[in-house]
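Each chain, letter by letter, is given below.
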Amino acid sequence: MDTLHCPGDPDNLYEQTICEVLNTASFLDLPEHLRLILAQPKNEVMVHFPVQMDDGSWKLMKGYRVQHNNVAGPYKGGIRYHGDVKLDEVKSLAVLMTLKCALMQLPYGGAKGALKIHPRDFSSNELMRMTRRFVAALGDNIGPDYDIPAPDVGTNAQIMAWMADTYINLKGNHGRVDAQSVVTGKPLVFGGSEGREKATGQGLVFVLETLLPGLGIDLAHCSYSLIGFGNVGSWTGRLLQDRGAALTHVMDHTGAISNPDGISARALADHVKKTGGVSGFSDAAPCSTEDFYRAPVDLLIPAALEQMIGPDEAALVNCRLLAEAANAPTTPAGERVLTERGIEVLPAILCNCGGVTVSYFEWKQNRDSESWTEEDVDRKLHEMISDAAHRVHDFAASHSCSMRRAAYAVALRHLEELYTLRGIFP
Ligand code: GLU
């Protein structure tokens, strides 16, 4: 690891992510130069810029854009707004984007960005000013053929609209008509795609529909718990409700709630819209964090932040399957405990790749001046994601390895093929 410049700290998210990637590369016997290339991002951009608050005071903002790899095409990945974000976290998420796009065989590499703010602390006007200034500070580091941001934790379609508008004002007005394809996840009336807002949850549901029968779990009659009720958690809840699954426990930053008879994800989404969190929802009782983890359910779906399921949580959980809707929610130590306890883990790069896949559809529609129907989007997403789920499942079965190892291996094989064909410049 030293020659690969890893930080040497087992709790560090980048080390956790890249170790699993490199271990899978060794398992596949990938050439040394490929491991070296993948061990660090190609570019790490950090920017600082001032923004005026509504009360006239000034704040200095810190923004990141990490571009991990672009052998398959332009860099692609979300931008999150979160107050605790660190460079190593953004680097890890960029690596996962490279793998996600490679697994889905999208014509993209991997990137991730962040602005170090708690978005709830700012007015809409302040968020608009900092978003515009962030895009200006990133300059030529983003572009429709170079690096294409999208929503992530703490960002949404409105923020993407401000990003695209800023980019068009700075760069696009005398040039290409499809300059709005510089970001995806935009509002529908401004170059967005049908089905993009629900896409990550929809992708997860398609993965579950593909793989659960083989694991002996009946989606229509199963129970599940959710960590996080933002875009991914609430859409997963709404779509699973339509398929008959019972949501019995939910936990977010405001607390945990339970109802053994099932929580209506639609009613809970309305409550969260009004109050900002799941706590206080009238049709469920409050429960402790420990009771949340101990709850007997068929599926546990972490749909919030990274590193939520460590060894302590893994020892408590009482589920048959953990499906990672968030990026990197399970630590390697947590995963070892889950494996010892016979709990299967479906990895994030498969479970949550619906978001970037529909981002690709949006980018393609912008470039071709087309608008697809929701049925078109869902059909193409289903086709691509069930194919990827089968490829991962078949690799795991034929190599007797975990689904995470299999997903990373399928993605790395695709990158290896590209590097072999393209060679390395000069
Ligand atoms: N932020 C999402 C992810 O982590 C979506 C990325 C995209 O659409 O480019 O996959």
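Anything mentioned here points back to the structure above.
A brief look at the structure comes next.

Reading the values: rules and limits
Residues numbered from 1 in each chain as written. Predicted model: local features only at pLDDT ≥ 70, side-chain atom pairs only at ≥ 80, totals over all residues. Heavy atoms only, no water. Helix = DSSP H or I, 4+ residues; strand = E, 2+ residues; numbered from the N terminus. Rg over C-alpha atoms; globule rule 2.2 N^0.38 Å. Buried < 20%, exposed > 50% of the residue type's maximum accessible area, 1.4 Å probe, protein only. Contact = heavy atoms within 4.5 Å. Areas by Shrake-Rupley, 256 points an atom, 1.4 Å probe, with all protein chains shown as cover. Lys, Arg positive; Asp, Glu negative; His and termini not counted. Charge placed at Lys NZ, Arg CZ, Asp CG, Glu CD. Polar contact = N/O pair within 3.5 Å; in protein donor to acceptor, adjacent residues only side chain to side chain. Pairing = 2+ DSSP bridges. Axes fitted to C-alpha atoms, helices over the stretch in contact; angles between N-to-C directions. Parallel < 35°, antiparallel > 145°, perpendicular 65-115°, else oblique. Left-handed = near helix turned anticlockwise from the far one by under 90°. Nonpolar A, V, L, I, M, F, W, Y, C, P; charged D, E, K, R; others polar. Near = heavy atom within 4 Å. Expected span 1.5 Å × (residues − 1).

### Some thoughts on the overall build of the chain
- Looking only at helices and strands, the chain features 15 helices and 13 strands.
- For 426 residues, the compact-globule estimate of 2.2 N^0.38 gives 22 Å, and the chain sits close to it at 21 Å.
- Projected onto the principal axes, the alpha-carbon positions of the chain cover approximately 55 × 55 × 45 Å.
- Split into buried and exposed, the 426 residues of the chain put 59% on the buried side.
- Taking the intrachain contacts of the chain between residues at least 6 apart in sequence as the baseline, contacts between residues at least 24 apart amount to 69%.
- Accessible surface computed for the chain: about 17300 Å², of which carbon and sulfur atoms make up 50%.
- Computed over 39 positive and 52 negative side-chain charges, the separation of the two mean positions in the chain equals 5 Å.

### As for the side chain of T166
- Tracing the sequence through the fold places T166 in helix α5 (residues 157-172).
- The class of T166 is buried, set by a relative accessible area of 7%.
- A distance of 2.6 Å separates a polar atom in the side chain of T166 from the backbone oxygen of W162.
- With sequence-adjacent residues up to four places away left out, T166 is seen in contact with R132 and V135.

### Points about the pairing of strand β9 (residues 255-258)
- Of the pairings in the sheet, the one linking strand β8 (residues 246-252) to β9 comprises four bridges and is antiparallel in character. Looking at β9, one finds that V250 is bridged to I257.
- Between β8 and the antiparallel strand that follows it, β9, lie two residues.
- One ladder, built from three bridges, connects β9 with strand β10 (residues 285-287); its direction is antiparallel. The residue of β10 that forms the bridge with I257 is P286.

### Some points on the packing of helix α6 (residues 199-211) against helix α14 (residues 374-399)
- Two elements in contact, α6 and α14, have axes separated by 9 Å at closest approach and are oriented at 50°. The orientation of α6 relative to α14 falls into the category oblique. Here α6 runs over α14; the crossing is right-handed. Two secondary-structure elements touch here, α6 through A199, Q202, G203, F206, V207, T210 and L211 and α14 through D378, L381, H382, I385, S386, A389, H390 and H393.
- Residue classes in the contact of α6 with α14 are distributed as seven nonpolar, seven polar and one charged.

### Here's the deal with the site of the ligand
- If you check the shell around the ligand, you find 14 residues, and the closest are K76, K100, K112, D152 and S359.
- Residue D152 places a side-chain N or O atom 2.8 Å away from a nitrogen atom belonging to the ligand.
- Residue N327 places a side-chain N or O atom 3.2 Å away from an oxygen atom belonging to the ligand.
- For the ligand, whose accessible area on its own is 300 Å², the fraction buried by protein is 95%.
- Those elements that place two or more of their residues in the shell around the ligand are α3 (87-103) and α13 (354-368).

### Focus: helix α1 (residues 13-27)
- For α1, which comprises 15 residues, the first-to-last C-alpha distance of 21 Å matches the rise-based estimate of 21 Å (1.5 Å per residue) to within 8%.
- Turning to α1, its buried residues number three or more, namely L13, Y14, E15, Q16, T17, I18, V21, L22, T24 and A25.
- Against the buried residues of α1 lie α2 (32-39), α3, α11 (332-340) and α15 (403-422).
- A side-chain oxygen of the first residue of α1 lies 2.7 Å from the backbone nitrogen of Y14; this N-cap is N12.
- Looking one or two residues past α1, D29 carries a phi angle of roughly 60°, positive in sign.

### Considering the sheet that holds strand β1 (residues 43-52)
- The strand order β1-β2-β5-β4 describes an open sheet built from four strands, whose pairing is mixed. Across the chains shown, the open sheet's two edge strands, defined by having one partner strand only, are β1 and β4 (79-81). Strand after strand, the sheet turns through a mean of 15° between neighbouring axes, direction not considered.

### Some remarks on unusual backbone geometry
- Of note, the bond from F425 into P426 is cis; its omega dihedral lies within 30 degrees of zero at 5°.
- Topologically, P426 is positioned in the segment after α15.
- We note that Q307 has phi near 55°; this positive angle belongs to a residue other than glycine.
- If you trace the backbone, Q307 turns up in the loop between β11 (299-302) and α10 (311-316).
- Among the residues examined, Q307 registers a relative accessible area of 32% and is labelled partly exposed.
- Positive phi is not limited to glycine here, since S400 has a value of about 45°.
- For S400, the location among the structural elements is in the loop between α14 and α15.
- Overall, the relative accessible area of 70% leaves S400 in the exposed class.

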